[in-house]
Amino acid sequence: MDLKLERVIDNELKSKPDESNLGFGQYFTDHMFVMTYDEGKGWHEAGIKKYANFSLDPAAMVLHYGQAIFEGLKAYRGKREKIYLFRPNANLERMNVSAERMCMPTFDTKEVLAAMQELIRIDESWVPHAKGATLYIRPTMVAIEAGLGVRPAKSYLFFIILSPVGAYYPEGFNPIKIYVTDTYVRAVSGGVGHVKTAGNYAASIMAAVEAQKKGYTQVLWLDAVHRKFIEEVGTSNIFFQIGDELITPPLSGSILPGITRDSVLKLTKDWGLKVSERPISIDEVLQANEKGTLKEVFGSGTAAVISPVGALCYKGREYTVNGAIAGELSQRLFAELQAIQFGIKTDPYGWTVAV
Ligand code: COI
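Residues numbered from 1 in each chain as written. Predicted model: local features only at pLDDT ≥ 70, side-chain atom pairs only at ≥ 80, totals over all residues. Heavy atoms only, no water.

J.: Just checking my understanding: could you explain the nonpolar core for this structure?
T.: Proteins that are soluble and globular tend to have nonpolar side chains buried together. With 43 residues, the main nonpolar core has F33, M116, I120, I137, M141, F158 and I160 as its most contacted residues. Contacts of I137, omitting those with residues within four sequence positions, involve E71, G72, L73, K74, A75, L85, M116, I120, I160, I161 and L162. (Core = buried A, V, L, I, M, F, W, Y, C linked by side-chain atoms within 4.5 Å. Buried < 20%, exposed > 50% of the residue type's maximum accessible area, 1.4 Å probe, protein only. Contact = heavy atoms within 4.5 Å.)

J.: What is the right way to read the domain arrangement of the protein from this model?
T.: Interface extent is often summarised as the accessible area lost during association of the parts. Under the domain assignment, the protein is made up of domain 1 (4–165) and domain 2 (176–341). Counting residues at the interface gives 22 residues for domain 1, matched by 23 residues for domain 2. Between domain 1 and domain 2 the total buried area reaches about 1,800 Å² when both faces are included, carbon and sulfur atoms providing 61% of it. Together, F70, F86 and R94 form the three largest contributors to the area buried by domain 1 at its contact with domain 2, with a combined 34%. Viewed at the interface, domain 2 and domain 1 are joined by one salt bridge. The shortest N-O distance in the salt bridge between D262 and R87 comes to 2.8 Å. Joining domain 1 to domain 2, the criterion identifies 12 residue pairs in polar contact (both at pLDDT 80 or more). Listed by contribution, the elements that provide at least two residues to the side of domain 1 that touches domain 2 are β4 (68–70), β5 (73–77), β6 (83–86) and α2 (88–101). (Domains from an automatic or database assignment. Buried area = accessible area lost by both parts, 1.4 Å probe. Salt bridge = Lys/Arg side-chain N within 4 Å of Asp/Glu carboxyl O. Polar contact = N/O pair within 3.5 Å; in protein donor to acceptor, adjacent residues only side chain to side chain. Helix = DSSP H or I, 4+ residues; strand = E, 2+ residues; numbered from the N terminus.)

If you want it as structure tokens, here you go:
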């Protein structure tokens, strides 16, 4: 990839936000990576330039029919100021799966990873130093051809933007409260729930807003057919520890194959836990809670890392989980993942990639 570089001059660099109060996705760095695709020409005009607005035709197809996909990964500042990425190839490969499902062009993951690393090196001073804070990386692809026919666009824009972030949830690592919806559904088998396309998130907002009005941080989605089997949280996958079994719903085609989910499965299997990827109904979870065998519930995701769940609300009743405190397994997983991600602990899996 021929990478054109246009650096922002020193006196135009932005001032940095307060690292103790970053929130999530509110600040953006000085540069971004951009490349363009045109049918017959492939990907071209790849470059790193000043973070700035795009100019789009009002008929740009993404604005009408939503051909938009994205990824989320993070850069971590570790020991001796070294910067690491966590399983970036898995994110870029998943993005190509999303591209195929949405009839968008795929790209060379090695070239894009190299461009991403270069972008992070240029904006290196934005990788936070504060404990637990990271630089969130958002690769995105949208259809930019002007046209109102419903068909795959012939032109696309691929960009990567960077945002220094703190915890995704205001609760930090404290348990969140989740609303189990049987009114709305997120995805259906044969649909696009297994890929990271913008529409999945747009469709989730109404349920999230209603849940928030009732005092819940997130929505737990059930399957669209029976409204019974647990799917995911939308911003993360979900795990249940019942007795000595750690359970997460299988990749049935309507949930996102989370990279943190996969990492949790690998770690817990290596720790000798009994781990199952199997259908689990909301009734099974609540019955286990009644019986006292539901030990822990936690979400897993790039933004969410490991998020303990302290309460579930279903059909108007709230169920407290594990006394509303972060469980042992959530704590161990959080600590282990962060130790690997920040390069504090040797990574036996080959997950970390130095920038
Ligand atoms: C992520 O975990 O990176 C996500 O993309 C979830 C969300 C913030 C949209």
